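# Remarks on the overall topology
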Amino acid sequence: MTGQASAYAAHAVALCVGSAVWLAMVRDPGARRARVLFVDAPPESRRPWDRWPCLLKARGRVKEVARGRREWWSVPVAVLLAVLGSSVLPLLAGAVAVPLVRRWLRRRAGAREAEKAATAVAALCGAVVGELRAGREPGQALLVALREGFVEDGTSATTASGGRLGEAEAAVLAAARFGGDVPAALRQAAEGPGLGGLSGMAACWRVAVDGGAGLATGLERLEASLRDDRRRREGLRAQLAGAWSTVVVLALLPVAGLGLGAALGAEPLRVLLHTPGGLACLAVGAFLEAAGLFWACRIVRGGEAA
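Throughout what follows, the structure given in this document is the object of discussion. This is a predicted model, so every value here is computed, not measured. Residue positions are counted from 1 within each chain, in the order its sequence is given. Where totals are concerned, whole chains, interfaces and linings use all residues; where local detail is concerned, this predicted model gives features only for residues with pLDDT of at least 70, and gives and counts side-chain atom pairs only at 80 or more. Excluding hydrogens and water, the side-chain figures rest on all heavy atoms present in the structure.

## Some thoughts on the pattern of salt bridges
A pair is scored as a salt bridge if a Lys or Arg side-chain nitrogen falls within 4 Å of a carboxyl oxygen belonging to Asp or Glu. A full pass over the atoms with the stated rule returns 10 salt bridges. The salt bridge involving Glu 223 is made with Arg 227; its shortest N-O contact spans 3.0 Å. Placement of the pair is Glu 223 and Arg 227 together in helix H9 (residues 215–239), with a separation of 4 residues, close to one helical turn. For the purposes of this entry, the term helix denotes a DSSP run of H or I that reaches at least four residues, the term strand denotes a run of E that reaches at least two, and both are numbered from the N terminus.

## Here we look at the packing of helix H5 (residues 138–148) against helix H6 (residues 169–178)
Convention adopted: a line fitted to C-alpha atoms gives each axis, helices being fitted over their contacting stretch, and angles between N-to-C directions are expressed from 0 to 180 degrees. Packing of H5 against H6 leaves a shortest axis separation of 8 Å and a crossing angle of 140 degrees. Our pair here, H5 against H6, has a crossing hand that is left-handed. For the pair H5 and H6, contact is made by Gly 139, Leu 142, Leu 143, Leu 146 and Arg 147 and by Glu 169, Val 172, Leu 173, Ala 176 and Arg 177, respectively. Gly is placed with the polar residues, together with every amino acid not listed as nonpolar (Ala, Val, Leu, Ile, Met, Phe, Trp, Tyr, Cys and Pro) or charged (Asp, Glu, Lys and Arg). Grouping the constituent residues of the contact of H5 with H6 by class yields 6 nonpolar, 1 polar and 3 charged. Left-handed describes a crossing in which the near helix is turned anticlockwise from the far one by less than a right angle; the clockwise case is right-handed. The contact criterion used throughout is that any non-hydrogen atoms of two residues lie within 4.5 Å.

## Details of the environment of Ala 78
Mapping Ala 78 onto the fold places it in helix H3 (residues 74–85). Overall, Ala 78 belongs to the buried group, its relative accessible area being 6%. With 19 residues separating them along the chain, Ala 78 and Ala 97 place their C-alpha atoms 9.5 Å apart. Relative accessibility thresholds used throughout: buried, under 20% of the residue-type maximum; exposed, over 50%; partly exposed, between the two (1.4 Å probe, protein chains only).

## Some details on a nonpolar patch on the surface
A grouping of Trp 72, Val 75, Val 79, Val 83, Val 88 and Leu 91 is seen on the molecular surface, where their side chains present a nonpolar patch of about 530 Å² in accessible area. When residues of the nonpolar patch are assigned to their parent elements, the largest contribution, 3 residues, is made by H3. Relative to the elements of secondary structure, Val 88 occurs in the loop between H3 and helix H4 (89–133). The residues that make up patches have over 30% relative accessible area and no salt bridge, and they are joined within 9 Å when like-charged or within 5 Å when they are Val, Leu, Ile, Met, Phe, Trp or Tyr. In this description, accessible areas are obtained by the Shrake-Rupley approach with a 1.4 Å probe, and a residue is regarded as covered only by the protein chains that are shown.

Written as structure tokens, this is what we have:
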């Protein structure tokens, strides 16, 4: 009965924490949306900690660190499992999970930055075409488009390095401003993640300079091609959303099984962490879980690559 009561208490604590986090995430956007839509809406009530600037600054620093070091959230989870299971194995697993989660988060961030960069290239082509149609010279049109910025879907398309074309934007600006080799600068910038469309822009620029062909027409076709590629990627991502949801559900099934066993009073953590048969089942289950996730992710990513 004691083990069953502790399991119920742990589930109640987890439910309360999850509810508190959900309410904290939902309340602020709702209040912000009300202030935007209704100008005469009453101001949001001040929270108790807003009266002390030191606490407010400390809260902001904690939130910034928590967002920048999200991989360290695996450590508290490992400590909680170690306390509930009275074993050091969860602590070792948490220590191993930190670099793996960090690598996964960096990969996701890199993919998002590549998407933003691809969007920025398409927007740059459209901005340069607009300047060319207005009567500017090619170099001046590129310079104006880069210096004044360009907008994609209502927001400025920028990359993590601060420039819209990444670190090579300074070289492109210098080439456009001082009459340098703009195609070479564009090809160099195209080596960045998500900036492959700049190689097509460099080819259009070279053809227009050497052969006298219309640069605006070529850039318009390049922009249309890049936007079509973006729409195809978004459509494919929408089609594969169900497959990714299946992968997530399959990954959480063992956790649900442990929770169900704890609710029934079977004490699965004690069995898995303190008995030879449980340790063997834990090792085999962890291997099969990792292999299944790897294979499922490989299948879905193969569909994305296609």
